[in-house]
Number of protein chains: 2
Amino acid sequence: MTDFLKHWVDGPAKASIVEFVTRSATDGSDGFIPAADRVAAFDNDGTLWVEQPAPVQAPFLIAKLVELVRARPELAATEPFRSIVQQDQGFLGALARQEPKTVTAFLSGIGLAWEGTTPEAYEEEVRHYLRTNLDERYGRPYTDLVYQPMLELFDFLRAHDYRVYVCSGGGRDFMRAFSEEVLGVPRENVIGTAPEWEYRDGRLVRANALHGTLALGPGKPEHLYARIGRMPVFAAGNGDVDIEMLEVAKFGLVVVHDDAEREYDTTEGAELLLERAGIADWTMVSMKNDWMTVFEKGA
Amino acid sequence: MTDFLKHWVDGPAKASIVEFVTRSATDGSDGFIPAADRVAAFDNDGTLWVEQPAPVQAPFLIAKLVELVRARPELAATEPFRSIVQQDQGFLGALARQEPKTVTAFLSGIGLAWEGTTPEAYEEEVRHYLRTNLDERYGRPYTDLVYQPMLELFDFLRAHDYRVYVCSGGGRDFMRAFSEEVLGVPRENVIGTAPEWEYRDGRLVRANALHGTLALGPGKPEHLYARIGRMPVFAAGNGDVDIEMLEVAKFGLVVVHDDAEREYDTTEGAELLLERAGIADWTMVSMKNDWMTVFEKGA
């Protein structure tokens, strides 16, 4: 069965994963979990693909607001447009740290920008962005920068009858535009911050309102419960906004970004998480020491 | 393959189902649908189990409001409590017809009644209700009154790689308390009107707010898209509140309640649907003529 985790170094992290998952699927074993409860939830940015120097979605969203201000210059005097157009570093920093108040202000602009759009038109914008932009450091499409060991972990979990979900603070519909092709995760297993879509005159259009809470921090268990009706028993994250999701699970996995050479060496946005890890029984995965390969396509 | 539909009479309804589903799963055939798009959505009350003389959930909800007024008599002067306690027939009729305005007023009371409850406590209330109440006409538990032919249809669809969802105007969490055991539908495939659950102090508690829209009429495609990220290609319903869900699907199935002897003979709440059926290309299922057996346990 450990054939599934080919690019994981034989060390304590891999051993801990294999032990938990194997026991959970072995009837009669200490740690057995009924199949119906075998739900695994993964954060996206920084857990499944590169999040530095900014989440993949950020330039896409910011460009949309800039474009909207170009079409409607009167918006430039109002928030969040003013901060975006003027590249206010305080605002952008708080946004990068996913501070809920700033994210909420930002999303009100996003809501306005895509109001009335159809799902097809929105997804075409996402795909166009992913097709026409390269990650600056690697010179490759963002979708090449998925962590190969995590895809192997998906397969390992599925082989033990887990349902694998993505639960991101980022946009649910942004991820759904590529999740099947790039992550092998069906759209319906993608959870994240999302707008309401209204059904009017026989079609769906995007409304300027959130569907539920922000999927950050406590919002992650909230969205997971709303979507699945049970809490994940296996959860994986890499940032402070994943703490609550890790707390509710029986097995918590933390991706530690300590690999300056192949990826990034940073604790930014993970300060509380790493502090909490000292007392929580989480499995810490060192990108540097636990992964033989970082990227699927050998980047 | 038609072995799956054992209690369906060999007639036009069964033939139409078999043809659509078989073609949709046959690569190269006219009508082929890629597996990822094979989503089927079923209304619950009146489509999967008996809805007369009132939806199964109704007495449960009303009893909860009466109990709340007993504990907090000052509520008796306010809506929706006054209408409930005084058994106002206008209000109860509008509620039975699922008129959105009345349902919304009713749900504000429901929200108050369960505010702060945990998922475990709420589900125990549901299970207690289902364990201790019998349907008056049949003298049996409500969960015995599931339509056997529809369970066979679930299996037929799944055998053709469809994912089967329930999408009800009723309470999502009410249904999830028994969907796996009674319908064989995993919790995560149950969609319906739902409250927000807040994650506070390490646990979920129910908030007095809705998660998204009412899952009635246009709310059905809205919830389906939010949950699945695509529209169903197969949809089944029996009431006016299912029209929009049937509209978005390629194949619409309508359960017609024309069986006074074994179930009910009524068009109440389905007037618009039946009118629309004259021009829509829906498959009309006569409970009387198309089903050999109505109930799973031979009731």
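Going by the structure above, here's the rest.
Now for a quick tour of the structure. (Residues numbered from 1 in each chain as written. Chains lettered and ligands numbered in written order. Predicted model: local features only at pLDDT ≥ 70, side-chain atom pairs only at ≥ 80, totals over all residues. Heavy atoms only, no water.)

On to the overall build of chain A, then. For chain A, the helix and strand inventory stands at 13 helices and 10 strands. Projecting the C-alpha coordinates of chain A onto the three principal axes gives extents of approximately 65 × 45 × 35 Å. Each of the 299 residues in chain A was classed as buried or not, and the buried ones make up 56%. Sequence separation of 24 or more characterises 67% of the internal contacts of chain A that already satisfy a separation of 6 or more. When the accessible area of chain A is evaluated, it comes to approximately 12,400 Å², of which 51% is carbon and sulfur surface. Charge centroids of chain A, computed over 30 positive and 48 negative side chains, lie 4 Å from each other. (Helix = DSSP H or I, 4+ residues; strand = E, 2+ residues; numbered from the N terminus. Buried < 20%, exposed > 50% of the residue type's maximum accessible area, 1.4 Å probe, protein only. Contact = heavy atoms within 4.5 Å. Areas by Shrake-Rupley, 256 points an atom, 1.4 Å probe, with all protein chains shown as cover. Lys, Arg positive; Asp, Glu negative; His and termini not counted. Charge placed at Lys NZ, Arg CZ, Asp CG, Glu CD.)

Residue and element names in this part refer to chain A. For helix α4 (residues 89–96), the full list of buried residues reads Phe91, Ala94 and Leu95. Taken around the axis of α4, the buried residues stretch over an arc of 105°, which confines them to a single face. Buried residues along α4 sit in contact with α3 (81–85) and α5 (100–114). Where α4 begins, one side-chain oxygen reaches toward the backbone nitrogen of Gly90, 2.9 Å away; that side chain belongs to Asp88. (Arc of directions from axis to C-beta. Polar contact = N/O pair within 3.5 Å; in protein donor to acceptor, adjacent residues only side chain to side chain.)

Moving on, we come to the sheet that holds strand β1 (residues 39–42) of chain B. Residues and elements named next belong to chain B. Strands sit in the order β5-β4-β1-β8-β9-β10 across an open sheet of 6 strands; the sheet is parallel. With partners counted over all chains shown, the strands left at the sheet margins are β5 (190–193) and β10 (283–286), one partner each. On average, adjacent strands in this sheet sit at an angle of 20° to one another, irrespective of strand direction. In this sheet, strand β4 (residues 163–171) lies alongside β1 in parallel orientation, the contact comprising 4 bridges. From the neighbouring strand, Phe42 faces β4, where its bridge partner is Val166. Sitting on the sheet, helix α7 (residues 148–159) is in contact with β1, β4, β8 (234–237) and β9 (251–256), with an inclination near 170° to β1. (Pairing = 2+ DSSP bridges. Axes fitted to C-alpha atoms, helices over the stretch in contact; angles between N-to-C directions.)

Attention now moves to the sheet that holds strand β1 (residues 39–42) of chain A. All names here are of chain A. Strand order in this open sheet of 6 strands is β5-β4-β1-β8-β9-β10, and the pairing throughout is parallel. Edge positions in the sheet fall to β5 (190–193) and β10 (283–286), since each of these pairs with one other strand and no more. Going across the sheet, the axis of each strand differs from the next one's by a mean of 20°, ignoring polarity. As judged from the 4 bridges shared by strand β8 (residues 234–237) and strand β9 (residues 251–256), these two strands associate in the parallel manner. If you follow Ala236 over to β9, its bridge partner there is Leu253. Each of β1, β4 (163–171), β8 and β9 touches helix α7 (residues 148–159); the most contacted strand, β1, lies at about 170° to it.

Once that is clear, we can look at the packing of α4(A) against α5(A). All names here are of chain A. Between α4 and α5, the least distance of the axes is 8 Å, while the angle of their chain directions is 105°. Of the possible angle classes, the one that applies to α4 and α5 is roughly perpendicular. Taken together, the residues of α5 that come into contact with α4 (itself represented by Phe91, Ala94 and Leu95) are Thr102, Val103 and Phe106. Of the residues belonging to the contact of α4 with α5, the class tally is 5 nonpolar, 1 polar and no charged. (Parallel < 35°, antiparallel > 145°, perpendicular 65-115°, else oblique. Nonpolar A, V, L, I, M, F, W, Y, C, P; charged D, E, K, R; others polar.)

All names here are of chain A. Position of Ser83 relative to the elements: it lies in helix α3. Judged by relative accessible area, Ser83 falls into the buried class, the value being 7%. Contact partners of Ser83, with chain neighbours within four places excluded, come to Asp88 and Phe91.

For the rest of this paragraph, the subject is the packing of aromatic side chains. Residues and elements named next belong to chain A. In total, this model carries 40 aromatic pairs over all chains according to the counting rule given. With centroids separated by 6.4 Å and ring planes inclined at 50°, the aromatic side chains of Phe20 and Phe234 adopt a geometry described as tilted. Of this pair, Phe20 sits in helix α1 (residues 12–24) while Phe234 sits in strand β8, and the two are 214 residues apart along the sequence. Phe234 shares its class with Phe20; the two are buried. Of the aromatic side chains, those joined through ring pairs into one cluster are Trp49, Phe60, Trp114, Tyr122, Tyr129, Tyr142, Phe174 and Phe178. Taking NZ or CZ as reference, Arg137 lies 4.8 Å from the ring centre of Tyr264, over its face. (Phe/Tyr/Trp six-rings, centres within 6.5 Å; stacked < 30°, edge-to-face > 60°. Lys NZ or Arg CZ within 6 Å of the ring centre and 35° of its normal.)

What follows covers the relation of the copies chain B and chain A. What relates the two chain copies is a rotation about an axis together with a slide along it. It takes a turn of 180° to lay chain B on chain A, together with a shift of 0.0 Å along the axis; the resulting RMSD is 0.0 Å. The relationship between the two copies is best expressed as a two-fold rotation axis. Both copies present the same face, since 100% of the interface residues in chain B are matched by interface residues at the equivalent positions in chain A. (Least-squares fit on C-alpha atoms with pLDDT ≥ 70 in both.)

The residue after Gln52(A), namely Pro53(A), is reached through a cis peptide bond having omega -5°. Relative to the elements of secondary structure, Pro53(A) occurs in the loop between β1 and α2 (57–71). Across the junction of Glu79(B) and Pro80(B), the peptide omega takes the value 0°, indicating a cis bond. Its location among the elements puts Pro80(B) in the loop between α2 (57–71) and α3 (81–85). Here the phi dihedral of Gln87(A) falls at roughly 50°; this positive angle occurs in a residue that is not glycine. Mapped onto the elements, Gln87(A) comes out in the loop between α3 and α4. For Gln87(A), a relative accessible area of 53% corresponds to the exposed category. Of note in the backbone geometry, Asp201(B) takes a positive phi value of approximately 50° without being a glycine. Position of Asp201(B) relative to the elements: it lies in the loop between β6 (195–200) and β7 (203–210). With a relative accessible area of 80%, Asp201(B) lands in the exposed category.

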